[in-house]
Amino acid sequence: MPTGGPTTGARTSVRIVVVGDRGTGKSSLIAAAAAETFRQEVPPVLPPTRLPADYYPDNVPIVIIDTSSSLENRGRLAEELKRADAVVLTYACDQPSTLNRLSSFWLHELRRLEIKAPVIVAGCKLDRRTEEYNLSIEMVPLMQQFREIETCIECSAANMLQIQEVFYFAQKAVLHPTAPLFDQETQTLRPRCMRALKRIFVLCDHDMDGVLNDDELNEFQVKCFNAPLQPAEIVGVKRVVQEKLPEGVSEHGLTLTGFLFLHALFIEKGRIETTWTVLRKFGYSDELKLRDDYLSIPNKKAPDQVSLVAKHVFIIVCDSDNVSLTNSKALFGFSASVELTSEAVEFLKGIFSTFDDDKSPFCYYRMEFFAKVSLKIYFQLHQKVLGMKPLIRMRWGELHSVESLSGFLSEWALMTSLDPAQSIANLIYIGYHCNAASALHITRRRLVDRKKQQTERNVFQCFVFGPKSAGKSALLMSLLGRPFSENYVPTTTQQYIVNVVDRHMGNKKTLILREVPEDGVKKLLSNKESLAACDVAVFVYDSSSEHSFKGATELLSYVARQGKKVVLGCQVS
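These remarks concern the structure in this document. Remember, predicted model here, so these are calculated numbers, not experimental data. (Residues numbered from 1 in each chain as written. Predicted model: local features only at pLDDT ≥ 70, side-chain atom pairs only at ≥ 80, totals over all residues. Heavy atoms only, no water.)

## Brief notes about the overall build of the protein chain
Thinking step 1. Counting secondary structure elements, the protein chain contains 20 helices and 20 strands.
Thinking step 2. Here the protein chain, with 573 residues, has 49% of them falling under the buried criterion.
Thinking step 3. Nonlocal contacts in the protein chain, meaning residues at least 24 apart in sequence, comprise 72% of its contacts between residues at least 6 apart.
Thinking step 4. A total accessible area of about 28,100 Å² is found for the protein chain, and carbon and sulfur atoms account for 50% of it. (Helix = DSSP H or I, 4+ residues; strand = E, 2+ residues; numbered from the N terminus. Buried < 20%, exposed > 50% of the residue type's maximum accessible area, 1.4 Å probe, protein only. Contact = heavy atoms within 4.5 Å. Areas by Shrake-Rupley, 256 points an atom, 1.4 Å probe, with all protein chains shown as cover.)

Right, here's the structure in full:
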């Protein structure tokens with residue numbers, strides 16, 4: 001299926017350290033690779049050796065570090081190993097004792113040093129072996145015991161046999177790592193890889209019929225590998241899948257099951273660079289997250305400026321004249337909200353789970369709500385904007401009033417203000433194809449707003465300070481219309497609440513309340529720019545307690561030295 005060269009992420013070079021017992025052929029192996037010929041005489045330890053970028057198809061240069069295994073050089077050896085991108089571990093094919101030393105010493109030593117780099121086991125001096133030897137039978141137990149071993153290979157510098165392959169496999173293990181994509185023990189795709197590939201499949205399935213037809217497969221091929229597939233090649237791909245997995249192909253094309261199977265097959269056959277090329281073309285890093293360069297987040301932003309998802313993004317996604325961005329009764333052009341099946345919600349959760357939502361700072365962020373509304377955008381994008389039918393069938397029904405357009409936009413406002421990259425990533429996950437930077441609007445500085453005594457912003461952030469048991473959390477809950485609770489639960493970390501606030505003449509603003517625990521004030525203010533994002537500060541105290549009032553005034557005095565605009569007088573009983 002693939003025909004173009006692979007992509008390699010952001011790597012500009014690969015550092016390979018060669019280790020092993022004395023006399024196993026380390027220096028001869030390196031010298032033969034560099035000179036492309038066998039050298040009878042080589043120094044005991046070679047200086048760093050460089051293979052140029054055009055040595056291998058990935059066009060990434062290699063630096064090879066030769067090492068000494070003598071005891072007096074163990075300190076330097078450990079330093080070199082800790083800097084290694086990959087390790088080539090050698091033994092001599094004519095010395096069985098050096099092979100036994102891999103499991104009795106070297107691989108345990110790598111673990112003791114906590115070396116995380118992939119390991120290539122290379123048997124040198126193959127031309128000197130006299131007895132028969134089955135590499136696969138001997139190496140399978142070793143690779144099962146030490147999962148850090150990527151490949152085992154035997155070579156001969158004297159006969160120039162598989163010398164280049166040793167360093168090719170080492171470079172490949174770095175540029176196209178197996179561990180993030182494939183579980184060697186179960187021989188299956190890892191969940192994060194599977195979810196990323198599912199998202200890619202959905203984005204490439206333009207007619208949303210659940211299969212990739214021949215035209216869609218060709219477009220996918222050109223996007224990822226810069227070359228089209230011939231009709232016979234398409235037939236061949238589908239035949240391979242159908243022979244192994246009948247449900248992987250339907251009469252209309254390649255199914256999602258077949259698409260995932262195909263990538264698992266590439267990896268099993270040693271063509272993992274194919275799957276990495278696909279993932280990287282769709283913006284994924286080695287950690288299977290969207291790369292920073294793919295998100296294109298503007299980095300020139302003063303601390304007192306706010307990042308907002310531009311309204312035109314939602315207008316583009318909705319594409320309906322009936323949509324009002326401030327009308328909570330109309331959700332993306334429909335008078336009734338959409339209720340999704342549990343399968344539909346889980347489908348989108350699977351797509352979104354390729355991003356680290358578990359690290360979200362939003363204490364009251366609800367994934368199900370976001371999945372429902374986001375999938376509605378997804379539905380609208382493909383049906384109204386692209387003229388395509390949706391992949392997921394929906395049933396109509398009423399949802400709670402909190403799950404309204406205004407509530408949805410306030411969730412986006414909170415997410416974008418605190419983490420613009422996550423907001424842009426979520427837009428991309430649901431199919432936003434325009435320049436990511438164009439989706440963000442950076443407001444002018446608050447300092448300018450104060451001088452002009454007017455603002456263009458619709459999102460405001462309020463810091464809520466106060467002593468313990470003053471009622472800070474109750475104040476936050478009141479913004480959501482939740483009743484007061486007698487059950488006191490102390491707040492130990494900062495938490496956020498967001499909602500839309502109605503002003504005169506139907507003008508609406510989004511208000512973010514940020515609760516700062518009393519114990520966290522000093523840590524917050526240790527950052528000189530901590531109050532730059534604050535539009536107004538509220539100091540809460542219990543009106544029935546003089547001690548609480550004193551604590552609030554002391555906090556006010558302490559914070560006022562760091563900021564200028566502070567409001568006192570909010571009482572919560």
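Resuming the write-up.
## Some details on helix α9 (residues 256-268)
Residues separated by three or four positions in an α-helix point in the same direction, a consequence of the helix having 3.6 residues per turn.
Thinking step 1. For α9, which comprises 13 residues, the first-to-last C-alpha distance of 18 Å matches the rise-based estimate of 18 Å (1.5 Å per residue) to within 8%.
Thinking step 2. Taken residue by residue, α9 has Gly258, Phe259, Leu260, Phe261, Leu262, His263, Ala264, Leu265, Phe266 and Ile267 as its buried positions.
Thinking step 3. Two residues or fewer after α9 comes Gly270, characterised by a positive phi angle close to 80 degrees. (Expected span 1.5 Å × (residues − 1).)

## A word on the side chain of Thr24
Thinking step 1. You can see Thr24 is positioned in the loop between β1 (14-20) and α1 (26-35).
Thinking step 2. Within the structure, the side chain of Thr24 is placed 2.7 Å from the backbone oxygen of Asp21, a separation counted as a polar contact.
Thinking step 3. Within polar-contact distance, the side chain of Thr24 engages the side chain of Thr90 at 2.8 Å.
Thinking step 4. The residues contacting Thr24, other than those within four sequence positions of it, are Thr90, Tyr91, Ala92, Thr98, Cys124 and Lys125. (Polar contact = N/O pair within 3.5 Å; in protein donor to acceptor, adjacent residues only side chain to side chain.)

## Considerations on the sheet that holds strand β6 (residues 149-154)
Thinking step 1. Pairing is mixed across the open sheet formed by six strands, whose spatial order is β2-β3-β1-β4-β5-β6. The outermost strands of the open sheet, each flanked by one partner alone, are β2 (49-51) and β6. The sheet shows a mean angle of 25 degrees between the axes of neighbouring strands, direction not considered.
Thinking step 2. Lying over the sheet, helix α2 (residues 74-82) contacts β1, β3 (62-65) and β4 (86-92), oriented at roughly 145 degrees with respect to β1.
Thinking step 3. Against the sheet, helix α4 (residues 135-145) contacts β4, β5 (119-124) and β6, and its axis sits at roughly 155 degrees relative to β6. (Pairing = 2+ DSSP bridges. Axes fitted to C-alpha atoms, helices over the stretch in contact; angles between N-to-C directions.)

## Brief notes about the sheet that holds strand β9 (residues 211-212)
Thinking step 1. Read across the sheet, three strands follow the order β9-β11-β10 without closing on themselves; strand pairing throughout is antiparallel. Here the strands that pair on one side only, and so sit at the sheet edges, are β9 and β10 (249-250).
Thinking step 2. Across two bridges, β9 lies against strand β11 (residues 253-255) in antiparallel orientation. When the bridges of β11 are listed, Val211 appears paired with Thr255.

## A word on the layout of surface pockets
Thinking step 1. Here the largest pocket defines a volume of roughly 1,200 Å³.
Thinking step 2. Lining the largest pocket are 46 residues; nearest its centre among them are Arg147, Ile149, Glu150, Thr178 and Gln184.
Thinking step 3. Breaking the lining of the largest pocket down by element, the ones donating at least two residues are α3 (96-112), α4, β6, α5 (163-175), β7 (182-183) and α9.
Thinking step 4. Element by element, the count of residues in the lining of the largest pocket is highest for α4, at six residues. (1 Å grid on protein atoms, 1.4 Å probe; cavity = no way out; pocket = protein on both sides within 12 Å on 5 of 7 lines; lining within 4 Å. Points joined across faces, edges and corners; volume = space filled by probe spheres on them.)

## A closer look at the pattern of salt bridges
Thinking step 1. Per the stated rule, a full pass over the model turns up 13 salt bridges.
Thinking step 2. A salt bridge links Asp519 to Lys468, with the shortest nitrogen-to-oxygen separation between them at 3.3 Å. Remark: Lys468 occurs in the loop between β16 (459-465) and α18 (472-479) and Asp519 occurs in the loop between β18 (508-515) and α19 (521-525); sequence separation between them is 51 residues. Of the two residues examined, Asp519 and Lys468, each falls in the exposed class.
Thinking step 3. It is possible to trace a salt-bridge network through shared partners that takes in Arg15, Arg76 and Glu80. (Salt bridge = Lys/Arg side-chain N within 4 Å of Asp/Glu carboxyl O.)

## Re the nonpolar core
Thinking step 1. Core analysis: the largest hydrophobic core is formed by 47 residues, its most contacted members being Ile200, Leu279 and Phe282.
Thinking step 2. Residue assignment for this core shows that the elements contributing at least two residues are α6 (191-204), α7 (214-225), α8 (231-244), α9, α10 (272-281), α15 (405-418) and α16 (420-429).
Thinking step 3. Residue contacts for Leu279: discarding those within four places in its chain leaves Leu181, Ala196, Leu197, Ile200, Tyr284 and Leu288.
Thinking step 4. Among the nonpolar cores identified, the runner-up in size contains 30 residues, and Leu29, Ile30, Cys124 and Ile163 belong to it. (Core = buried A, V, L, I, M, F, W, Y, C linked by side-chain atoms within 4.5 Å.)

## Details of the packing of α1 against α5
Packed helices, taken two at a time, are described by the angle between their axes plus the distance between the axes.
Thinking step 1. For the pair α1 and α5, the least separation of the axes is 9 Å and the interaxial angle reads 95 degrees. Put simply, α1 runs roughly perpendicular to α5. Residue-level inspection shows Leu29, Ile30, Ala32 and Ala33 of α1 in contact with α5, the latter providing Ile163, Val166 and Phe167.
Thinking step 2. A per-class count over the contact of α1 with α5 returns seven nonpolar, no polar and no charged. (Parallel < 35°, antiparallel > 145°, perpendicular 65-115°, else oblique. Nonpolar A, V, L, I, M, F, W, Y, C, P; charged D, E, K, R; others polar.)

## Description of the state of the cysteines
Thinking step 1. Applying the stated criterion across every chain yields a total of zero disulfides.
Thinking step 2. Distance from the sulfur of Cys534, which forms no disulfide, to the nearest cysteine sulfur (Cys462) is 6.5 Å.
Thinking step 3. Owing to a relative accessible area of 7%, Cys534 belongs among the buried residues under this scheme. (Disulfide = S-S within 2.5 Å.)

## Quick look at the packing of α6 against α9
Thinking step 1. Remark: α6 packs on α9, axes separated minimally by 10 Å, with the N-to-C direction vectors making an angle of 130 degrees. As the angle between them shows, α6 and α9 are arranged oblique. Where α6 crosses over α9, the two elements pack in a sense that is right-handed. Every residue of α9 that contacts α6 at Met194, Leu197, Lys198, Ile200 and Phe201 is listed here: Leu256, Phe259, Leu260 and His263.
Thinking step 2. Residue composition of the contact of α6 with α9, grouped by class: seven nonpolar, one polar and one charged. (Left-handed = near helix turned anticlockwise from the far one by under 90°.)

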